[in-house]
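# Structure at a glance
Okay, here's what each chain looks like letter by letter:
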Amino acid sequence: MTGPTRRALWARGAVASALAATLALSGCTVAAYDSDDADTAASSTEGAATSEEEVDWASLIDIAGMDFSYSDRDKDATYDEASATKIALAGQSASVEGDGASAEGATVTISAAGTYVLTGELSAGSVVVNASKEDKVQLVLDGASIRNETGPALSIQQADKVFVTLAADTQNALADGASYALEEGEDEPNAALYSKDDLTINGTGALTVEGNYRHGVNSKDDLVITGGAVTVTAKEDALLGKDCVKVADGSFALTAGGDGVKSSNDEDPTRGFVSIDGGAFAVEAGDEGFQAATYLRLAGGEAQVKAADHALRSDIEAALIDGVYTVEAGGKGMNAETKFTQDGGALTVTGCDEGIEAQEVIINDGVVDITASDDGINAAKAERASNDNETAETAGDAQDATAASGTSDGAGTADGATGSGDASGADGDAQRTEGQDGQTPPELPEGAQPGEGQTPPELPEGVDPGQRPEGQEGQAPEPPAGQQGERPEMPEGMEPGQRPEGDGQGGPGGMRGGAGGPVADNASEQCLIQINGGSVSIDAGGDGLDSNGYVEVTGGTVLANGSAGGGDSALDYEYGATITGGTVLLAGSTGMAETFSEGSTQPFALVEVAGSANSTLVLTDEAGQELASYTVPKAFQCVVVSAPALTEGATGALTVDGATTDFTVSTTPTGGMGAMGGRGGGPHGERPDGNSASEANGSQDGTSEAPQQRGAGQASPQAEVTA
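Note that the coordinates shown come from a computational prediction; the quantities given were computed from them, not determined experimentally. The numbering scheme is per chain: residues are counted from 1 as the chain's sequence reads. pLDDT decides what is reported in this predicted model: residues at 70 or higher carry local features, side-chain atom pairs at 80 or more are listed and counted, and totals for whole chains, interfaces and linings draw on all residues regardless. Note: side-chain values were computed over all heavy atoms of the structure, leaving out hydrogens and water.

## Some points on the overall build of the chain
Where helices and strands are cited, they refer to DSSP runs of H or I of at least four residues and of E of at least two residues respectively, numbered from the N terminus. Looking only at helices and strands, the chain features 4 helices and 50 strands. Put simply, the chain shows about 25,800 Å² of open surface, and 44% of that area lies on carbon and sulfur atoms. Note that accessible areas follow from Shrake-Rupley with a 1.4 Å probe, and for residues the cover is restricted to the protein chains shown.

Below you can see the structure in the form of structure tokens.
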């Protein structure tokens with residue numbers, strides 16, 4: 001079993017144990033996590049190996065074809081009580097007044113279009129909707145409570161669309177049992193509120209859902225929510241819509257052993273998306289907080305997310321357009337396989353493995369604040385796991401069959417463009433194993449404790465704790481043909497991987513002026529971190545900005561630090577890093593320091609200046625005007641600096657703890673690999689397609705001033721060295 005597989009299953013089991021305690025307090029039975037089910041799921045997911053073939057990502061996602069809108073009836077929670085059919089629930093029986101519904105024992109069946117008002121409590125029974133495919137059905141929960149120990153509390157077998165309206169000022173509840181009485185070979189239904197057709201939840205009342213068997217709410221088509229106070233506790237996923245999940249408004253308290261909010265259709269490029277336009281979310285998930293098979297669209301709302309794996313995840317593409325999202329994750333804070341774009345809003349990652357990871361990370365506006373144990377922002381080659389739906393569903397089927405037999409209690413408008421992923425394709429039923437790249441398991445959400453006898457998984461044989469697995473991003477690409485793909489020649493007498501030495505070449509203390517050494521196995525010219533605006537703040541235990549391809553800064557403010565040790569840096573790239581605008585202070589250690597490369601049109605400098613944890617850096621121009629300041633969370637030995645006010649050849653100053661260091665900026669790195677445009681790719685550190693963030697003005701020969709420290713009021717001695 002792989003490390004990520006062990007970690008995902010351990011996390012699910014531990015959160016399931018916590019859920020058991022939560023559900024027990026509410027008077028319902030929940031199964032303990034079963035190791036046999038874990039092994040079944042693991043054996044299936046291990047077969048879903050990453051494909052070595054190139055993926056046609058554009059064919060897998062069609063954002064322009066996605067429907068992010070809400071119908072008038074989705075948002076309209078009104079109803080005519082006088083003409084509605086009344087259904088009174090009473091213990092293990094019910095009575096019906098009006099047309100379109102019937103009651104037999106503890107089962108109420110609705111068979112026609114219309115409005116139905118449900119009141120009272122059904123302690124051991126269910127409500128079933130089985131109308132024609134053209135019928136629209138409105139179910140008004142007006143103080144209704146339904147519990148079914150052998151299946152869904154509310155089961156929608158057929159209709160055109162069903163509206164579950166939460167009447168104002170009412171408390172409503174739906175709960176299922178820990179095992180279902182399913183037909184042999186069947187794995188559905190599988191949720192306390194289960195629908196085979198489109199499902200909308202609206203109104204202003206409250207709904208509590210207990211998904212003791214598997215899921216809380218599961219629609220096999222669209223799941224749309226436009227209002228209500230919804231609380232879900234689920235053994236697996238809390239809110240699941242196969243074709244899409246769309247939320248316009250409401251408040252949500254979601255506790256899930258699997259994913260908090262999820263859409264799983266990876267076969268239709270216009271489906272499988274999660275779109276959030278409003279609402280307030282509190283999510284604790286044993287797997288991922290928000291998960292989309294194609295596109296995660298965050299266009300509003302507020303969310304507090306704690307997830308054992310990734311907090312915000314799309315198997316292909318994601319966008320933050322507006323809204324405030326505060327997340328804590330055992331894996332990534334935001335993880336979109338091919339592309340993440342931020343055009344506004346605020347993303348705060350309070351703890352994670354890596355803050356943001358995608359093949360392309362594009363920040364145009366908004367606020368980003370990341371605290372990460374590894375890299376802050378990482379551009380890594382997109383990979384897609386095997387899309388073997390049959391294999392993935394086998395794990396879920398095995399769980400269902402076991403549970404059903406009673407032998408185990410186990411287990412709008414388009415906003416973006418093309419995008420990647422490792423979609424399971426199992427309608428939310430298969431357990432994903434993607435996680436922290438083989439690292440030890442993350443801490444669980446607050447209040448969740450590992451089950452009795454459970455321990456974190458052992459690391460793979462031969463792996464040292466904290467060691468990064470090699471080759472996890474895939475094999476090195478073939479070098480592109482022609483001048484733009486050639487690797488630059490090494491300086492005479494140097495071996496690949498050797499750093500330049502002597503006389504301050506490559507920056508103070510012998511630091512590299514750019515990336516040096518051979519191209520890494522995970523390098524890809526498709527990888528890009530591009531910051532065009534907004535405010536980016538990063539406190540990283542690894543690299544601050546880490547691209548396996550290129551970095552481009554055209555605007556905004558970037559304040560970042562890397563590891564205090566020598567193994568990482570505030571800026572790390574494979575092919576080139578250019579700056580054409582914006583204000584940048586990148587503080588880190590000297591051991592792996594890199595600066596911007598040729599192709600930059602805004603001058604920059606790599607300055608040797610040291611500070612302790614929580615020292616404040618103040619950047620000023622030669623007139624003493626403050627340009628930026630940054631309180632650095634970790635100790636540092638050097639800073640990469642650039643600002644629009646510092647023109648070619650200008651002198652700036654960095655002040656740390658009362659000591660000031662002068663420096664001179666230039667668009668030309670004159671030592672180390674940075675002078676050769678990084679590790680290959682296009683000329684002057686630009687991307688081979690020529691699509692750098694802005695056209696370079698052409699490099700200029702020049703020298704930079706050696707940084708010198710001076711006390712207050714002391715003249716600044718000048719000495720020319722290469723930088």
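## With respect to unusual backbone geometry
Cis geometry marks the peptide bond from Glu188 to Pro189; its omega dihedral reads 5°. Here Pro189 lies in the loop between β10 (171-176) and β11 (191-195). A positive phi angle, near 60°, is found at Asp169, a position not held by glycine. Along the chain, Asp169 falls in the loop between β9 (161-166) and β10. The phi torsion at Asp657 lies on the positive side, around 50°, for a residue other than glycine. Considering the arrangement of structural elements, one finds Asp657 in the loop between β46 (651-656) and β47 (659-664).

## Let's talk about the packing of aromatic side chains
A pair of aromatic rings is counted whenever rings of Phe, Tyr or Trp (Trp by its six-membered ring) have centres within 6.5 Å, and the orientation is called stacked for planes under 30 degrees apart, edge-to-face for over 60 and tilted otherwise. With the rule as written, the count across this model stands at 8 aromatic pairs. Ring geometry for Phe281 and Phe290: centres 5.3 Å apart, planes at 70°, overall edge-to-face. Summarising the burial analysis for this pair, Phe281 and Phe290 share the class buried. A ring pair is formed by Phe596 and Phe604, whose centres lie 5.7 Å apart and whose planes are at 65°; its orientation type is edge-to-face. Side by side, Phe596 and Phe604 carry an identical accessibility label, which is buried. Ring pairing ties together the aromatic residues Phe252, Phe281, Phe290 and Tyr325, which thus form one cluster. As a reminder, the over-ring test applies to NZ of lysine and CZ of arginine, requiring each to be within 6 Å of the ring centre and within 35 degrees of the ring normal. The positively charged end of Lys246 is found above the aromatic ring belonging to Tyr70, 5.7 Å away from the centroid. The cationic tip of Arg297 hangs over the ring face of Phe68; the distance from NZ or CZ to the ring centre is 4.6 Å. Under the scheme applied here, a residue whose accessible area is under 20% of the maximum for its type counts as buried, over 50% as exposed, and between as partly exposed, the area being computed with a 1.4 Å probe on protein chains only.

## So, the side chain of Asn212
Mapped onto the elements, Asn212 comes out in the loop between β13 (206-211) and β14 (215-219). Think of a polar contact as two N or O atoms within 3.5 Å of one another; within protein, one of them needs to be a possible hydrogen donor and the other a possible acceptor, and neighboring residues in sequence only count if both atoms come from side chains. A distance of 2.6 Å separates a polar side-chain atom of Asn212 from the backbone oxygen of Asp176.

## Topic: the environment of Ala106
Tracing the sequence through the fold places Ala106 in the loop between β3 (101-104) and β4 (107-110). Remark: the alpha-carbon pair of Ala106 and Val127, spanning 21 residues in sequence, is separated by 8.6 Å. Beyond its immediate stretch of four places on either side in the chain, Ala106 contacts Gln92, Ser93, Leu122, Ala124, Gly125 and Ser126. In this description, contact between two residues means that some pair of their heavy atoms is separated by no more than 4.5 Å.

## Here we look at the pairing of strand β29 (residues 346-351)
The pairing of strand β26 (residues 317-329) with β29 spans 5 bridges and is parallel. In the sheet register, Val327 faces β29, and the bridge partner there is Val349. As paired strands, β29 and strand β32 (residues 367-372) are joined by 4 bridges and run parallel to one another. If you follow Thr348 over to β32, its bridge partner there is Asp369. Any two strands are treated as partners once DSSP identifies two or more bridges connecting them.

## Side note on the pattern of salt bridges
Any carboxyl oxygen of Asp or Glu that lies within 4 Å of a side-chain nitrogen of Lys or Arg is treated as forming a salt bridge with it. What the rule picks out here adds up to 18 salt bridges. In this structure, Asp197 engages Lys133 in a salt bridge whose closest nitrogen and oxygen atoms are separated by 2.6 Å. Here the residue Asp197 occupies a position in the loop between β11 and β12 (198-203), and Lys133 occupies one in the loop between β6 (126-130) and β7 (136-148), the gap between them amounting to 64 residues. When its relative accessible area of 43% is taken as the criterion, Lys133 is described as partly exposed. A salt bridge links Glu354 to Lys332; the nearest nitrogen and oxygen atoms lie 3.1 Å apart. Separated by 22 residues along the polypeptide, Glu354 in strand β30 (residues 354-358) and Lys332 in strand β27 (residues 332-336) bring together distant segments of the chain. For Lys332, a relative accessible area of 2% puts it in the buried group. Because the salt bridges share partners, they merge into one network encompassing Lys332, Asp353, Glu354 and Glu357.

## As for the nonpolar core
In this description, a nonpolar core means a group of buried Ala, Val, Leu, Ile, Met, Phe, Trp, Tyr and Cys residues linked to one another through side-chain atoms lying within 4.5 Å. The biggest cluster of nonpolar side chains holds 103 residues, and the ones touching the most others in it are Phe281, Phe290 and Ile377. Excluding residues within four positions of it along the chain, Ile377 makes contact with Ile356, Val361, Ile363, Ile370, Ile529, Val536, Ile538, Gly544, Leu545 and Asp546. One finds Leu585, Phe636, Val639 and Val656 within the second-largest nonpolar core, a separate group that totals 21 residues.

## So, the environment of Thr590
Among the structural elements, Thr590 can be located in the loop between β41 (583-588) and β42 (605-611). You can call Thr590 partly exposed: its relative accessible area is 25%.

## Let's talk about the side chain of Glu594
Looking at where Glu594 falls in the secondary structure, it is placed in the loop between β41 and β42. Residue classification places Glu594 among the buried residues on the basis of a relative accessible area of 3%. Side-chain polar atoms of Glu594 contact the backbone nitrogen of Tyr573, separated by 3.2 Å.

## Here we look at the confidence of the model for the chain
Known as pLDDT, the predictor's per-residue confidence is scaled from 0 to 100. Residues of the chain with pLDDT of at least 70 account for 67%, and the chain-wide mean is 77. Contacts from residues 1-51, a stretch scored under 50 in pLDDT, to residues over four places away or in other chains number 129 contacts. Segment residues 671-684 is flagged for pLDDT under 50; beyond a separation of four residues in sequence, or across chains, it makes 70 contacts in the model.

## Considerations on the pairing of β12
Burial of β12 is extensive: 5 of the 6 residues sit out of reach of the surface. For β9 and β12, the ladder comprises 6 bridges, and the chain directions are parallel. Within the sheet, the bridge partner assigned to Thr165 lies in β12 and is Asn202. Of the pairings in the sheet, the one linking β12 to strand β15 (residues 222-225) comprises 3 bridges and is parallel in character. Within β15, the position partnered with Leu199 by the bridge is Leu223.

## Observations concerning the environment of Ala175
With respect to the helices, strands and loops of the structure, Ala175 is situated in strand β10. Among the residues examined, Ala175 registers a relative accessible area of 4% and is labelled buried. Look past the residues within four positions of Ala175 in its chain and what remains in contact with it is Ile146, Arg147, Asn148, Ala153, Ala192 and Glu210.

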